[in-house]
Amino acid sequence: MTIEEAHVRVAELTELIDRYNYEYYMNDRSLVSDYEFDALLRELVELEGTFPQLASPTSPTRRVGGEVNKSFQQVRHRFPMLSLGNTYSIAEIEDFEARTRKLLDGTPFSYTCELKYDGVAVGLTYRHGELVQAVTRGNGTVGDDITANVRTIRTVPLRLRGEWPDDFEMRGEVVYPFDAFEAMNSQRVAEGDEPFANPRNAASGSLKLQDSRECAKRRLLFCAYFMMLPDGTPTDGTPLATHYGRLQAAEKMGFKVQPYVKECRTIDDIRFFIDFWDKERWNLPYGIDGVVIKVNQTALWDRLGTTAKSPRWAIAYKFKAEQVSTKLEGVSYQVGRTGIVTPVANLQAVWLGGTTVRRATLNNADFMARLDLREGDSLLVEKGGEIIPKIVGVDLAQRLPGAKPIVYTTVCPECGTPLVRAEGEAGYYCPNQDGCLPQRLGLLEHFVSRKAMDIDTLGTERLRLLYDAGLVRDVADLYDLQRHQLVGLGADTAASIQEKGADNILRAIEASKQVPFERVLFALGIRYVGEVGAKKLARYFGNIDSLMAAGSMELAMVEDVGDVTAMAVYDYFASPAHRAVVDRLRAAGLQMQVVEHRVSNRLEGMTIVVSGVFEHFSRDEIKASIEQHGGKAAGSISGKTTYLLAGAKMGPEKLRKAEKLGVPILSEEEYIRLIEN
Ligand code: IVH
C-alpha cells in the first residue's frame, strides 16, 4: 500500500470508528457487531504502525491508552477554575434569586437549572476542533495535565463534529456510573485491593493512574456542563449567547450533556426542579449531589461579576443526605486485623441512596452506649457522599416499652478471649494476636501488601488457602514454601494455584528479600507502627538488634514515636514468639538493617529546590538523586536555597522568587554535570 492509499484508508477507518463509538456511547446503539468493530480498529492500529506519520493524537486508537505518566505536569489554567457558592437552604436560593433580579434591574433574563454531578471537575481545551489538553481543577489556578487518561474516556470527543469555535475550553465532570463502580469494587476486593469508598474517589483515583491503559479499562463518563470562550469572542445573536444554547451546541459537537437542563424564569420553577430531583436522583445511573442554578444570558455574567472564589451569577443547592428508619435485627461483632472489635448493626433490608442496606457500623462501644440501644429499636440510617451508610440515631418514638438494653460484648466473637480496652481509646480489642483467626489472616495480608513486602501474587483468598492447608500460619512460614506444596492448591476455586502461579508466587517471595528494612519493620504489623513510624525507627536504630534491645524510654525518644507506640514496640519484641519469627525472617535473608545509598558527597551542604518536569528523571527520582549525593531536596525557595533546579513548564513564581533572592538556576544538564564531575 502506498502512503497516499494508506492516508485515504486511515481517514475512512477513523470516520467509521468515530461514528460507531459515538452511537454506542452517546446513544446506546450498536451499528456493527463487536467483531466487526474490533476488526476495523485492528486495521487502523496496524496501518498506524506501518505509517506512523499518519497516527494522529486524536485517532480513536488512542482510546485504549498507552502513554505512561511518571508524574503529572502542572499547568496553569487559562481561565481560573472557580468553584460555586453552595447552600443546603432553599431560603438562600430565594435570596440568590432576589439579589440577582435586583442587580439586573429590569433587564430581561432567565436561569438554567441543571444537575450537580458528584465527580471530578476537568477542563478540556479544544483548538481547531481537536482535543489538545485536559487538566484537573487542582487549586483552581494550577492543575494536573491528565490528557493521556482523559483521552481514553469514550464520551470525550477527540475530534469535534459539525461547527465549533476555533479555540475554547469545555468544562465538565468525570463521573463513575454506579453499576461500573460496583463491578470494579467487587473485582478489587476479589483481588485483595482496597475498594474505593465512593464513585467520586474512584473517578479521581482513575484519572491519576500512571498507566493510561489501566484508565482505559475503567468505565468513566465525562459530562459537559460549561463552555468557556476566550474574552472578546463575539456571541451576540448566536446560540452561544446563552448557557443553554452553549450546552445544545456542545451536544451537537459530540459531548455528552445532561438532557435534564431546564430554562427557568421564576423561583417557583427553580423550587420545582430542586424538589423533583431531590426525590428522583437515585434513579440516575450516576451520583449527583445537588442542583446548579446559573444565569442563562452569558452577557450578564460580566455585569454580575465574581467574588474571590465563585461567580455571582450561579449557585449550587446541595441535597441533604437521605435518611430512613429501619428495624434493628441484632448486633454482630467483627474482628479486624489489629484485633479491634467493631459492632455492626444488622438491619431489616431498606432501600437507601440507590442500594439496599442491610448492615451499618456502630463504630465502637462508646457510640453504642451513647445510642443506648434496645432490642427491637428502629434506627435512623443516612447515606451521604459515602457508599457506606451511617447510623445517626434511634427513632425513639418507635421504641417498645420495657425493651431490653443491648450491651457490648465482653469476649472476642472469634476466639472467646476476654476483650481489653486500651486507655484513652474508644474501641475494645482482642489481645489474642497469635491465636485469633482474623488477626492471623489480617497480619498475613498486611505483611504481603504493596506498601509492606509487596508479594502481590498472594491475595486474601490465596492466603486463606495456604492457611487452611496448614502451610502458612505465621509470616515466616512464607519463606519455607516449596513449589510442590503450592501446585494444585485450591483446585476448583477462583484462587487455585497452577504451575505458573506457583512460580510467580515464589518469585515474588524471593524478590521481597530485597525490600528495605524500614518496610520489613512496617510489615511486621506492630500495633501503632505505620509506614512513617517504621521509617523513623529504622533510621534511628539502624538495625533490628539495636531496636530489639531498646527500652521503652529510648524508643519514645524517636521522632514521631509517642509513649503508646513505644510501649507497643517494646511489648512486641518482649514476646519470645515474635523474636522467633524475626530470627526466622533474618535466616531467610530479609533485610534487617538500613542500607545507606550514599553515592557521593558532591552535594554535601546544598539545598536544592526542584521545579517543573525533566527529560531524564521523574520528580521523585531527581529528589532521590539529590539525597544520594548528600544534598537536601526542598519544596520552596528561601534564603537557604543553593540552587533552583528548573525543568520545563515550571511555574513563573518560582523563577521570579529565585531571581529576587539571587538563587542560581540550574538546568537538568548542568545538574547532571554537577553530580558526575
Ligand atoms: S458550573 C463557574 N455545573 O461543582 C461555574 N459545576 O462547586 C463552573 N459541578 O467545581 C461550575 N456539576 O466540579 C457546574 N452542572 C454543573 C456541575 C458543576 C458539578 C461541580 C464542579 C465545580 C463544583 C462547584
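These remarks concern the structure in this document. (Residues numbered from 1 in each chain as written. Predicted model: local features only at pLDDT ≥ 70, side-chain atom pairs only at ≥ 80, totals over all residues. Heavy atoms only, no water.)

Residues spaced three or four apart along an α-helix point in a common direction, a consequence of the helix completing one turn every 3.6 residues. Restricting attention to buried positions, one finds in helix 24 (residues 668-676) the residues Glu-668, Tyr-671, Ile-672 and Ile-675. Viewed along the axis of helix 24, the buried residues span an arc of 100 degrees, placing them on a single side of the element. (Buried < 20%, exposed > 50% of the residue type's maximum accessible area, 1.4 Å probe, protein only. Helix = DSSP H or I, 4+ residues; strand = E, 2+ residues; numbered from the N terminus. Arc of directions from axis to C-beta.)

The strand order across the open sheet built from four strands is 20-19-21-22, with neighbouring strands paired in parallel fashion. Lying at the two open borders of the sheet, with one neighbouring strand each, are strand 20 (632-634) and strand 22 (665-666). Two strands pair when backbone bridges link them, and strand 19 (residues 607-611) and strand 20 are joined in this way by three bridges, in the parallel orientation. Bridging from a neighbouring strand, Ile-608 pairs with Ala-633 of strand 20. Contacts between helix 23 (residues 652-661) and the sheet are confined to strand 19, strand 21 (643-646) and strand 22, with strand 21 contributing the most and set at about 150 degrees to the helix. (Pairing = 2+ DSSP bridges. Contact = heavy atoms within 4.5 Å. Axes fitted to C-alpha atoms, helices over the stretch in contact; angles between N-to-C directions.)

This next bit is on the packing of aromatic side chains. All chains considered together, the criterion is met by 21 aromatic pairs. Centroid distance Tyr-117 to Tyr-225: 6.4 Å. Interplanar angle 20 degrees. Geometry classified as stacked. In this pair, Tyr-117 is assigned in strand 3 (residues 111-117) and Tyr-225 in strand 8 (residues 221-228), connecting sequence segments 108 residues apart. Taken together through their ring pairs, the aromatic side chains of Tyr-260, Phe-273, Phe-276 and Trp-277 make up a single cluster. It is Arg-473 that lies over the ring of Tyr-467; its NZ or CZ is 4.2 Å from the centre. Just above the ring of Tyr-528 sits the side chain of Arg-527; from NZ or CZ to the centre is 5.7 Å. (Phe/Tyr/Trp six-rings, centres within 6.5 Å; stacked < 30°, edge-to-face > 60°. Lys NZ or Arg CZ within 6 Å of the ring centre and 35° of its normal.)

So, about the nonpolar core. Side chains that are nonpolar tend, in soluble globular proteins, to be buried together. Within the largest apolar cluster, 54 residues are counted, with the highest numbers of intra-cluster contacts made by Phe-447, Leu-521, Leu-537, Phe-573 and Leu-585. Examining the composition of this core, we find that five residues originate from one element, helix 16 (residues 517-523), more than from any other. Dropping the residues within four chain positions of it, Phe-573 is found in contact with Leu-521, Leu-524, Ile-526, Ile-544, Leu-547, Met-548, Arg-579 and Val-582. Of all hydrophobic cores here, the second largest spans 39 residues; its members include Phe-72, Ile-153, Leu-220 and Val-261. (Core = buried A, V, L, I, M, F, W, Y, C linked by side-chain atoms within 4.5 Å.)

A separate point is the pairing of strand 10 (residues 288-295). A large share of strand 10 lies buried, amounting to eight of its eight residues. Bridging between strand 3 and strand 10 involves seven bridges; their strand directions are antiparallel. What sits directly across from Cys-113, in strand 10, is Ile-293. Where strand 10 and strand 11 (residues 314-318) come together, five bridges link them in antiparallel fashion. Each residue of the ladder has a partner; that of Val-291, found in strand 11, is Tyr-317.

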